[in-house]
Amino acid sequence: MRKLIVTAALVAAVGYGFFNSHMRGSEPKDNVVAYSTTDEAMQGAKAKGHSTLPRFHELIAARTPGTYTVKFPLTQNGATEHIWMQLVAFSDGRFVGLLADKPVNGNQYKMGDRMTVAEADVEDWMIRNGGDVYGGYTVRQALADMPKEQAAKYGIAFKD
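Residues numbered from 1 in each chain as written. Predicted model: local features only at pLDDT ≥ 70, side-chain atom pairs only at ≥ 80, totals over all residues. Heavy atoms only, no water.

Participant: Help me understand the overall build of the protein chain in this model?
Facilitator: Counting secondary structure elements, the protein chain contains five helices and eight strands. Expressed as a percentage of its 160 residues, the buried residues of the protein chain come to 49%. Working note: accessible area of the protein chain is about 8000 Å², and carbon and sulfur atoms make up 50% of it. (Helix = DSSP H or I, 4+ residues; strand = E, 2+ residues; numbered from the N terminus. Buried < 20%, exposed > 50% of the residue type's maximum accessible area, 1.4 Å probe, protein only. Areas by Shrake-Rupley, 256 points an atom, 1.4 Å probe, with all protein chains shown as cover.)

Participant: Help me understand helix α2 (residues 40-51) in this model?
Facilitator: For an α-helix the count is 3.6 residues per turn, leaving residues at separations of three or four pointing the same way. Between its terminal C-alpha atoms α2 stretches 16 Å, which fits the 16 Å expected from 12 residues at 1.5 Å a residue. Looking only at α2, the buried set comprises Met42, Ala45, Lys46 and Gly49. Burial along α2 is one-sided: seen end-on, the buried residues are contained in an arc of 100°. Exposed side chains of α2 directed beyond 90 degrees from the buried face belong to Glu40 and Ser51. Where α2 is buried, its residues touch α3 (53-61), β3 (79-91), β6 (124-129) and α4 (137-145). Of the residues that open α2, the one with a side-chain oxygen 3.2 Å from the backbone nitrogen of alanine 41 is aspartate 39. (Expected span 1.5 Å × (residues − 1). Arc of directions from axis to C-beta. Contact = heavy atoms within 4.5 Å. Polar contact = N/O pair within 3.5 Å; in protein donor to acceptor, adjacent residues only side chain to side chain.)

Participant: I tried to follow the pattern of salt bridges on my own but got confused; where do I start?
Facilitator: Proximity of charged atoms lets side chains of opposite charge pair with each other. Across all of its chains, the model carries four salt bridges by this definition. Residues glutamate 58 and arginine 55 are paired through a salt bridge, measuring 3.5 Å at the closest nitrogen-oxygen approach. Separated by three residues within a single helix, glutamate 58 and arginine 55 lie in helix α3, roughly one turn from each other. Note that lysine 110 is salt-bridged to aspartate 113, the shortest N-O span being 3.0 Å. (Salt bridge = Lys/Arg side-chain N within 4 Å of Asp/Glu carboxyl O.)

Participant: What exactly am I supposed to notice about the packing of aromatic side chains here?
Facilitator: Centre-to-centre distance and the angle between the planes together describe a pair of aromatic rings. In this structure the tally under the stated criterion is five aromatic pairs. Both rings, one in phenylalanine 56 and one in tyrosine 68, keep their centres 6.1 Å apart while their planes meet at 50°; by these two values the pair is tilted. With phenylalanine 56 in helix α3 and tyrosine 68 in strand β2 (residues 67-76), this pair connects stretches of sequence that are 12 residues apart. Considering the side-chain rings of tryptophan 125 and tyrosine 137, the 6.1 Å spacing of their centres and the 75° angle between planes classify their relative orientation as edge-to-face. On the criterion of sequence distance, the pair formed by tryptophan 125 in strand β6 and tyrosine 137 in helix α4 is long-range, its members being 12 residues apart. When sorted by exposure, tryptophan 125 lands in the same class as tyrosine 137, which is buried. Here the aromatic cluster, defined as three or more aromatic residues joined through ring pairs, consists of Phe56, Tyr68, Phe90, Phe95, Trp125 and Tyr137. (Phe/Tyr/Trp six-rings, centres within 6.5 Å; stacked < 30°, edge-to-face > 60°.)

Participant: What am I meant to see in the packing of α2 against α4 here?
Facilitator: For any two helices packed against each other, the geometry is given by the interaxial angle and the distance between the axes. It is the contact of α2 with α4, at a shortest axis distance of 8 Å, that shows an interaxial angle of 155°. In terms of orientation, α2 and α4 fall into the roughly antiparallel class. Like other packed secondary-structure pairs, α2 and α4 cross with a definite hand, here right-handed. Residues Ala41, Met42, Ala45, Lys46, Lys48 and Gly49 of α2 form the contact with α4, whose participating residues are Tyr137, Thr138, Gln141 and Ala142. Residues belonging to the contact of α2 with α4 are distributed by class as follows: five nonpolar, three polar and two charged. (Axes fitted to C-alpha atoms, helices over the stretch in contact; angles between N-to-C directions. Parallel < 35°, antiparallel > 145°, perpendicular 65-115°, else oblique. Left-handed = near helix turned anticlockwise from the far one by under 90°. Nonpolar A, V, L, I, M, F, W, Y, C, P; charged D, E, K, R; others polar.)

Following this line, the structure appears as structure tokens:
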């Protein structure tokens, strides 16, 4: 099994909450950005995130410093949210990690739960080292959709 260089502590996962999910048919909560499933810009961001997974693997192989996360759809109670998972390993086309936020569609899963996600199901990826971020195409879209003053508060510098 190929291990990632990443701290798997829950404390490190905190902070991804704002970018937790985009979902349909629910009221936004404090840590959720809501998008329609027909939002073309967000669908494009997810497609770019998935299509650039080879770049993520290159950065992993290069041991790029930071916290490694992937975004995937999580369904419970008949509703799907798109949530970040902090990685601890990758093997045989599957990412293993811990949910990096509290799911909003039920209580079957909780922040910190260990999950396994097939690479085919990954919608986005991100390596975050402080304010420096690689990937994060859905985050870029969320930031582009909010007022510039609000987006600036996150202090994110995209590196690629």
